[in-house]
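Remarks on the overall topology
If you want the building blocks of each chain, they are given just below.
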Amino acid sequence: MTRDSCESMKLATRAIHVGQQPDESSGATIPPIHLTTTFTQASPGNHKGYEYSRSGNPTRANLEQCLASLEGGTHCAAFASGSAATAAVFATLAPGDKVLAYGDVYGGTFRLLKQVFEGFGVVPVFTEDPSPAGFANLIDAKTKIVWIETPTNPLLRCLDIKKLGRIAHDSGALLAVDNTFATPALQQPIALGADYIIHSTTKYVGGHSDVIGGAVIVRDEALFERIAFLQNSLGGVPGPFDCYLAHRGIKTLALRMERHSQNALTIAKHLQGNAKLERVVYPFLPDHPDHELAKQQMTGGGGIVTIVFKKDDAALEFCAHVKIFACAESLGGVESLVNHPAIMTHASIPQEIREARGITDGLLRLSVGIEDVDDLIADLDQAIDAV
Ligand SMILES: Cc1ncc(COP(=O)(O)O)c(C=O)c1O
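The sections below set out a description of the structure shown in this document.

Rules behind the numbers
- Residues numbered from 1 in each chain as written.
- Predicted model: local features only at pLDDT ≥ 70, side-chain atom pairs only at ≥ 80, totals over all residues.
- Axes fitted to C-alpha atoms, helices over the stretch in contact; angles between N-to-C directions.
- Helix = DSSP H or I, 4+ residues; strand = E, 2+ residues; numbered from the N terminus.
- Parallel < 35°, antiparallel > 145°, perpendicular 65-115°, else oblique.
- Left-handed = near helix turned anticlockwise from the far one by under 90°.
- Contact = placed C-beta atoms within 7 Å.
- Nonpolar A, V, L, I, M, F, W, Y, C, P; charged D, E, K, R; others polar.
- Near = placed C-beta within 6 Å.
- Buried ≥ 20, exposed ≤ 12 C-beta atoms within 10 Å, placed from the backbone.
- Pairing = 2+ DSSP bridges.
- Arc of directions from axis to C-beta.

1. A few points about the packing of helix H4 (residues 82-90) against helix H5 (residues 107-117)
Taken N-terminus to C-terminus, the directions of H4 and H5 make an angle of 45 degrees; their axes are 10 Å apart at the nearest point. Between H4 and H5, the angle falls in the class oblique. Like other packed secondary-structure pairs, H4 and H5 cross with a definite hand, here right-handed. In this structure, H4 uses Ser83, Thr86, Ala87 and Phe90 to contact H5, whose residues at the interface are Gly108, Thr109, Leu112, Leu113 and Phe117. Residues that form the contact of H4 with H5 fall into these classes: five nonpolar, four polar and no charged.

Take a look at the structure:
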């Protein structure tokens, strides 16, 4: 089926069928992986839409079509990583342009803004207040992009996409939403007013911890032309095999996100009240500070649960005792992982800033996989008992 013929269908159907036209030459139901750098032209300039794989490749185009459809956008540009996708969006800016973001953004995004784009004259501005008022207080005519992640990493704050879209647009800025944590299966930022969606497809979209990738999805032709120009000019494109892997992962995205969310909620409820834990953070727990908003803009709480031990040392001991949960960076794969942000993913943030945000040495981020939840709970319980 073509994208047009699938558009009225639900996300789980589009995830399987958009960009999956059978191969015309052989009838292969699964489109072949186009492992080619170049395309033979009948005569100079007379080609079938593809010339060179940095500017376009049919396997990449299939992935892009599918992601654009799932996010409710018109176009998508795929990148070699989430960071390359993020960099392409910032590369649309000129010296003096401001990017307004919540301080608790992904560390690599913070690093790109502070250590790469600030050097080219882009002005990063960070609010420590994730509420719409926190953004409204700092936005001005120079702000060209309001950049948010929701839920955030690792404290899982949820930011109001609809209200932030209005604040950005009233000021002449665009709203960019990094939808890596929620994915289009749980949250649809374009429908809520976002202009750019950014993904690290490395995470839930790929879903199997075996491919690094990224994507930018837009709903506007002119924005897409600029992003596609930068995709080709900067050259951070994914190879065809990586596109195939990401696209194969997408086929089970809806199913996986449902199971990730179910397992994570069950685990969050189970751990709540454990005497060794100070806090269990999960957007779909009623005591989460953004619970009402999370329920409004997400259809599930996602697969990340953050826990904080009363004693800082207990977090490290816990990591040494888990058997199913692997101690590793990244998230969003079918297998469960545990990450110690202060030592691992967030180590580059100065300790005082980290602790002021609540990312203490006793905090752990669980990426809850899709294993049987009883086994996961047994593993967590025995590791907590052992500390
Ligand atoms: C929310 C978020 N955005 C972007 C990125 C960057 O993605 P990548 O590692 O694919 O470059 C990450 C990586 O952890 C992330 O967690």
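There is more to say, and it comes next.
2. Side note on the site of the ligand
Near the ligand lie 13 residues; those nearest to it are Ser81, Gly82, Ser83, Ser200 and Thr202. For the shell around the ligand, the class distribution of residues is two nonpolar, nine polar and two charged.

3. Considerations on the pairing of strand E6 (residues 196-200)
Burial within E6 is extensive, with five of its five residues counted as buried. Neither face of E6 is left uncovered, since the one carrying Tyr196, Ile198 and Ser200 and the one carrying Ile197 and His199 both have all their residues buried. Direction of pairing for strand E5 (residues 174-178) relative to E6: parallel, over a ladder of three bridges. Bridge pairing in E6 places Val177 opposite Ile197. Looking at chain direction, E6 and strand E7 (residues 214-218) are connected through five bridges and run antiparallel. Across the sheet, Ser200 pairs through a bridge with Gly214, a residue of E7.

4. Some points on helix H13 (residues 312-321)
Every buried residue of H13 is accounted for by Ala314, Ala315 and Phe318. For H13, the angular spread of buried residues about the axis comes to 105 degrees, placing them on one side. Every exposed residue of H13 that faces more than 90 degrees away from the buried side is listed here: Asp313 and Ala320. Against the buried residues of H13 lie strand E9 (304-309), strand E12 (363-367) and helix H15 (373-385).

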